Amino acid sequence: MEKRKVDLYYGSLFHDIGKAVQRTTGLKKKHQLVGAEFLKPYMNEKPILNCLKYHHVNLRNDNLADDDLSYITYIADNIASGTDRRPNDEDVNYKWDAKTPLQDVFNRFGKHAGKRYLKPGELRLDDVHSIIPTDERHDYTHADYSRGVERFREGLMAIKPTEDYMQSALNLMEATMSFMPSSTNMEEVADISLYDHMKLTAAFAMAIQQYLDFVDEHNYKRRLYTGAQKFYKEMAFLMMGFKFTGLEKFIYTIVSQGAHKQLRSRAFYANMLSEWFIDTLLSDTELTRANVLFESAGQGYILLGNTPKNRRLIASHCEEFNEFLQEQFGAEIHVSVGTSQFMSLQVEKDNTFDSYSRIFKDIDREINRSELRQFDARQIMELNQQGKHAGRECVVCHAVASLNPETNKCKLCEKLESFSKNIQQDDFFVVNADEEGLPVGPGAFLSVTDKETIQKGAVSGRIYSKNQLNTGFKQQTYLWVGDYSDLTNNEFSKYADRDWTKEDNQSAVGIKRLAALRIDVDDLYAGFLAGFANQGDGMYTTISRYASLSRRLASFFNVHLNAFAEGCHATVIYSGGDDAFIIGAWDDILKLLARLRGYFADWTDQKMTFSAGIYMYQATMPINIVARRTNQLLQEAKLAEKHRVALFDSSMIFDVDEFINDVYYDKLVKIRQFFKKESNRGKSFAYKLLSLLRSRNEEDRISFARLAYFLSRLEDDAEDTEAFQQFKESMLGWYDNALEIKKVETALSLYIYEIRED
């Protein structure tokens, strides 16, 4: 990458660092100058420092060269902010509150405005409660800023302003400034973090430079400063969307033998195909991860300059990658892309919803067309020429190529099985030309490495770290992976043994079954498009809020799901930007559903919901069947209405909150308490009661009489007469309401599962 591009990246990425430094003391000095003075000991390159000094009008220097990079940072900052700067001093008539904390991006989402804040601090993975917005405002003090700035300074000492450290700089920014507000102007909504704003500024700056190079414009002052209003109307930008199809089928369509040993590695490997697709495209177009606005679960959006070269690179990259996918997986996995050109006015404060949403709708139309014609005539002929294979199949995935006759497993499945051990134990990975690794792209293979080897400089290739933010030489990117597991290995059948319920050498308690949980956010695409259109006549529909909302949702499933699941007898198999697949002990899966619902409601201010499917099964059932049936239950729940859960069977569909509040936390608890007091009422009583509930017929009152008689006959022998009477009255009261009795039946069934022994 050319040095001027590298300089522009660092100058734009760090352009507002002076805001954080200034707030450590409340120094009455322009943040542009404060930032340049702070950065100078670490990056004393004039083009970089100029981007910090001169990215506002009020400090314009008439001696700047017409092609000074600060002009690009200036206009990129304006676009990322969502509104143009005033032509005079930025402080005129503005009121500032340096103690204001970051507001929740969901405040301006949906029809009703919220008033929630995030607590001051740095990005932490071990303290979930500190990162959930609350109604209580905690002022951002000088000390809070000082801690973040000092941590940033320490990381900065390990960074050099070269191409090798570009990702490290981005990592460092996210770790330290994700909870600092970008603006403390009391007339603005402070819901964009300093990290998100500076990242987006760098993304626009790099895209603008690409566009200006294409139109052969080097007088940045004329084009971007004096002619700024005209530039805002130029189709200077290109949004690219991509979507992988077939990844989910690849993960779960495996038979029983050895499936558990590679299930998680398949999910990780499928994710790495998407990651490598992104990184190689960014490398081809000379952009960075700052330009990735959203990426998760094999789909995402990338911001580029609107140039013919970028369009050609996107097309050729997609074609080359699909050829690799076809060679490796046949017709199983495919990636489709779509693009849309746009001007900055479409993503700024005063845009219209139609102009904003048109960008993403155009992309989706192209992706949909691409999915309908995945293969051209040549590729179809190549697939057909493969013919029908004869002979043995891989005992794991049924492939017939590259079989090891000793194990009857294909080469890929053997590698995945071996690699699965590393998913939990290792934190660093590398992609290079070593064919012993897993193929993730043309001539590219994924292997495991370690921190010590990286620090010695003994690793060649692109380095990835998992679930941590690292700053260091050639630290390319990090991977947020939902990989929580209560097991030390992948023997998921251990969950069915229920050893944790044994006391004093007694038998395990509860039915020996596993359960699979599949959750998926409702109406996510509609939320991304129109979520900010309902307040302020759509004035909050900006690309900065889209990027912030995307990152916040992705962090729920990718970053913090591990903490949410802590203590549950469960294993996260897969977690994307809006969905997750988890298996574990059946009762802990229910507990985890209730826990995730509570966290998600807090996370989104109850402005988003998810649906779920839960399937109970025996440990010997093949995972491909488990995944298919769990997904079927999820789809049944979604068809019923949003925010529904299908529990074990398609006939048992509830509103998620009704199930959690009325069944799990209310009726099931009352049933437990009743049987605890009535110790002489054993399983036979519970089974008889369940039978009576299931025989309910609204047109035949005899079933009600049977229930009343059954309960009344036993009341005289109750250990606690008052408690028994309350239980009886509750049962009879619930019996007249079909929904309530369905909830009681479900709760009683769950209780029987809790006490039943196989």
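Residues numbered from 1 in each chain as written. Predicted model: local features only at pLDDT ≥ 70, side-chain atom pairs only at ≥ 80, totals over all residues. Heavy atoms only, no water.

Colleague: Where do I start with the overall build of the chain in this structure?
Modeller: Assigned secondary structure in the chain consists of 28 helices and 17 strands. In terms of overall dimensions, the chain is globule-like: its C-alpha atoms have a radius of gyration of 29 Å, near the 27 Å expected for 758 residues. Taken over the C-alpha atoms alone, the chain extends approximately 100 × 70 × 50 Å along its principal axes. Taking all 758 residues of the chain together, the buried fraction comes to 59%. Per element, the accessible surface of the chain, about 31500 Å² overall, is 46% carbon and sulfur. Across the chain, 95 positive and 110 negative side-chain charges occur, with their mean positions spaced 1 Å apart. (Helix = DSSP H or I, 4+ residues; strand = E, 2+ residues; numbered from the N terminus. Rg over C-alpha atoms; globule rule 2.2 N^0.38 Å. Buried < 20%, exposed > 50% of the residue type's maximum accessible area, 1.4 Å probe, protein only. Areas by Shrake-Rupley, 256 points an atom, 1.4 Å probe, with all protein chains shown as cover. Lys, Arg positive; Asp, Glu negative; His and termini not counted. Charge placed at Lys NZ, Arg CZ, Asp CG, Glu CD.)

Colleague: Can you help me understand helix 8 (residues 194-214) in this one?
Modeller: Two residues of an α-helix separated by three or four positions point the same way, owing to the 3.6 residues in each turn. Given a rise of 1.5 Å per residue, 21 residues ought to cover 30 Å, and the 30 Å separating the end C-alpha atoms of helix 8 matches this to within 8%. Among the 21 residues of helix 8, 19 are classified as buried, and the element is accordingly described as predominantly covered. Just downstream of helix 8 lies aspartate 216, where phi reads positive at about 60 degrees. (Expected span 1.5 Å × (residues − 1).)

Colleague: Just checking my understanding: could you explain the nonpolar core for this structure?
Modeller: Soluble globular proteins tend to pack their nonpolar side chains together in the buried interior. Membership of the largest hydrophobic core comes to 240 residues, with the highest contact counts inside it found for Tyr10, Phe14, Phe204 and Phe659. Counting residues per element, this core draws most heavily on helix 8, at 13 residues. In contact with phenylalanine 14, not counting residues within four places along its chain, are Leu39, Met43, Leu52, Phe152, Leu156, Ala169, Met173 and Met198. Grouped together as the second largest cluster of nonpolar side chains are 5 residues, Val430, Ile454, Val459 and Ile463 included. (Core = buried A, V, L, I, M, F, W, Y, C linked by side-chain atoms within 4.5 Å. Contact = heavy atoms within 4.5 Å.)

Colleague: Please explain the sheet that holds strand 14 (residues 579-585) as it appears in this structure.
Modeller: Note: strands within a sheet are paired through backbone hydrogen bonds, in either parallel or antiparallel orientation. Spatial ordering of the open sheet is given by 13-14-12-15-16-17, a layout of 6 strands whose pairing is mixed. Edge strands, defined here as strands with exactly one partner in the open sheet, are strand 13 (570-575) and strand 17 (653-655). Shown here is a sheet whose adjacent strand axes are inclined to one another by a mean of 15 degrees, direction ignored. In this sheet, strand 15 (residues 610-617) lies alongside strand 12 (residues 514-521) in antiparallel orientation, the contact comprising 8 bridges. Following the sheet pairing, leucine 514 is matched in strand 15 by tyrosine 617. (Pairing = 2+ DSSP bridges. Axes fitted to C-alpha atoms, helices over the stretch in contact; angles between N-to-C directions.)

Colleague: Help me understand the environment of valine 189, please; the structure alone is not making it clear to me.
Modeller: If you trace the backbone, valine 189 turns up in the loop between helix 7 (166-177) and helix 8. Measuring from C-alpha to C-alpha, the distance between valine 189 and aspartate 104 comes to 9.7 Å, with 85 residues separating the pair along the chain. Those residues within four positions of valine 189 in sequence are excluded, and the remaining contacts are Gln103, Arg108, Tyr540 and Arg545.

Colleague: Would you take a moment to explain the packing of helix 24 (residues 656-677) against helix 28 (residues 738-755) for this structure?
Modeller: Helix-helix packing: each pair is described by the crossing angle between the helix axes and the interaxial distance. For the pair helix 24 and helix 28, interaxial distance at closest approach is 9 Å and the crossing angle is 55 degrees. Judged by the inter-axis angle, helix 24 sits oblique to helix 28. Viewed along their axes, helix 24 and helix 28 form a crossing whose handedness is right-handed. Facing helix 24, whose interface residues are Glu658, Phe659, Asp662, Val663, Lys667, Leu668, Ile671, Arg672 and Phe675, helix 28 presents Leu739, Glu740, Lys743, Val744, Thr746, Ala747, Leu748, Leu750, Tyr751 and Glu754. (Parallel < 35°, antiparallel > 145°, perpendicular 65-115°, else oblique. Left-handed = near helix turned anticlockwise from the far one by under 90°.)

Colleague: Where do I start with the sheet that holds strand 2 (residues 292-296) in this structure?
Modeller: Here we have 4 strands laid out as an open sheet, ordered 2-3-1-4, and antiparallel in their pairing. The open sheet has two free edges, formed respectively by strand 2 and strand 4 (334-342), since each of these has just one partner strand. For this sheet, the mean angle separating the axes of adjacent strands, direction not counted, is 20 degrees. Sheet topology places strand 2 next to strand 3 (residues 299-305); 4 bridges connect them, and they run antiparallel. Among the inter-strand pairings, serine 296 is bridged to a residue of strand 3, identified as glutamine 299. Lying over the sheet, helix 13 (residues 308-329) contacts strand 1 (237-245), strand 3 and strand 4, oriented at roughly 170 degrees with respect to strand 4.

Colleague: Where do I start with the pattern of salt bridges in this structure?
Modeller: Tallying each qualifying case throughout the model produces 41 salt bridges. Aspartate 579 is the salt-bridge partner of arginine 518, the closest N and O atoms lying 3.7 Å from each other. With arginine 518 in strand 12 and aspartate 579 in strand 14, the pair connects residues that are 61 residues apart, well separated along the chain. There is no split in this pair, since arginine 518 and aspartate 579 are both buried. Where salt bridges share partners, they join Asp104, Arg116, Arg552 and Asp605 into one cluster. (Salt bridge = Lys/Arg side-chain N within 4 Å of Asp/Glu carboxyl O.)

Colleague: When you look at unusual backbone geometry in this model, what are you seeing that I'm missing?
Modeller: In most cases, non-glycine residues show a negative phi, while peptide bonds are predominantly trans. We note that aspartate 216 has phi near 60 degrees; this positive angle belongs to a residue other than glycine. Assignment of secondary structure puts aspartate 216 in the loop between helix 8 and helix 9 (220-226). Even without being glycine, glutamine 606 reaches a positive phi, approximately 60 degrees. Checked against the element boundaries, glutamine 606 lands in the loop between helix 22 (586-604) and strand 15.

Colleague: Please clarify how the packing of aromatic side chains should be interpreted in this entry.
Modeller: Aromatic ring pairs: the centre-centre distance and the angle between the two ring planes describe each pair. By the definition in use, this model includes 42 aromatic pairs. When the centroid spacing of 6.2 Å and the interplanar angle of 45 degrees are considered together, the rings of tyrosine 10 and phenylalanine 14 count as tilted. No difference in accessibility class separates tyrosine 10 from phenylalanine 14, as the two residues are buried. On the numbers, 5.6 Å between centres and 85 degrees between planes, the contact of phenylalanine 14 with phenylalanine 152 is edge-to-face. Of this pair, phenylalanine 14 sits in the loop between helix 1 (3-13) and helix 2 (17-22) while phenylalanine 152 sits in helix 6 (residues 142-156), and the two are 138 residues apart along the sequence. Neither residue differs from the other here; phenylalanine 14 and phenylalanine 152 are each classed as buried. Cluster of aromatic residues (ring-pair linked, three or more members): Phe556, Phe557, Phe564, Tyr599, Phe600, Trp603 and Phe610. Sitting above the plane of the phenylalanine 250 ring, arginine 266 keeps its charged end 4.3 Å from the centroid. (Phe/Tyr/Trp six-rings, centres within 6.5 Å; stacked < 30°, edge-to-face > 60°. Lys NZ or Arg CZ within 6 Å of the ring centre and 35° of its normal.)

Colleague: Sorry, what's going on with helix 14 (residues 353-372) here?
Modeller: Here helix 14 spans 28 Å end to end across 20 residues, near enough to the 28 Å set by a 1.5 Å rise per residue. At isoleucine 359, helix 14 shows its maximal bend, which comes to roughly 30 degrees. When helix 14 is considered as a whole, its buried residues turn out to be Ser355, Tyr356, Ser357, Ile359, Phe360, Ile363, Asp364, Ile367 and Ser370. If you follow the buried residues of helix 14, they end up packed against strand 1, strand 3, strand 4, helix 19 (524-530) and helix 20 (543-559). (Bend = angle between axes of the 7 residues up to and from the residue.)

Colleague: Looking at this structure, how should I read the packing of helix 22 against helix 24?
Modeller: At a closest axis distance of 10 Å, the pairing of helix 22 and helix 24 adopts a crossing angle of 125 degrees. Taken together, the axes of helix 22 and helix 24 are oblique relative to one another. Two packed elements cross with a definite hand, and for helix 22 against helix 24 that hand is left-handed. Residues Asp587, Leu590, Lys591, Leu593, Ala594 and Arg597 of helix 22 form the contact with helix 24, whose participating residues are Val656, Asp657, Phe659, Ile660, Tyr664 and Tyr665. Within the contact of helix 22 with helix 24, the residues separate by chemical class into 8 nonpolar, no polar and 4 charged. (Nonpolar A, V, L, I, M, F, W, Y, C, P; charged D, E, K, R; others polar.)

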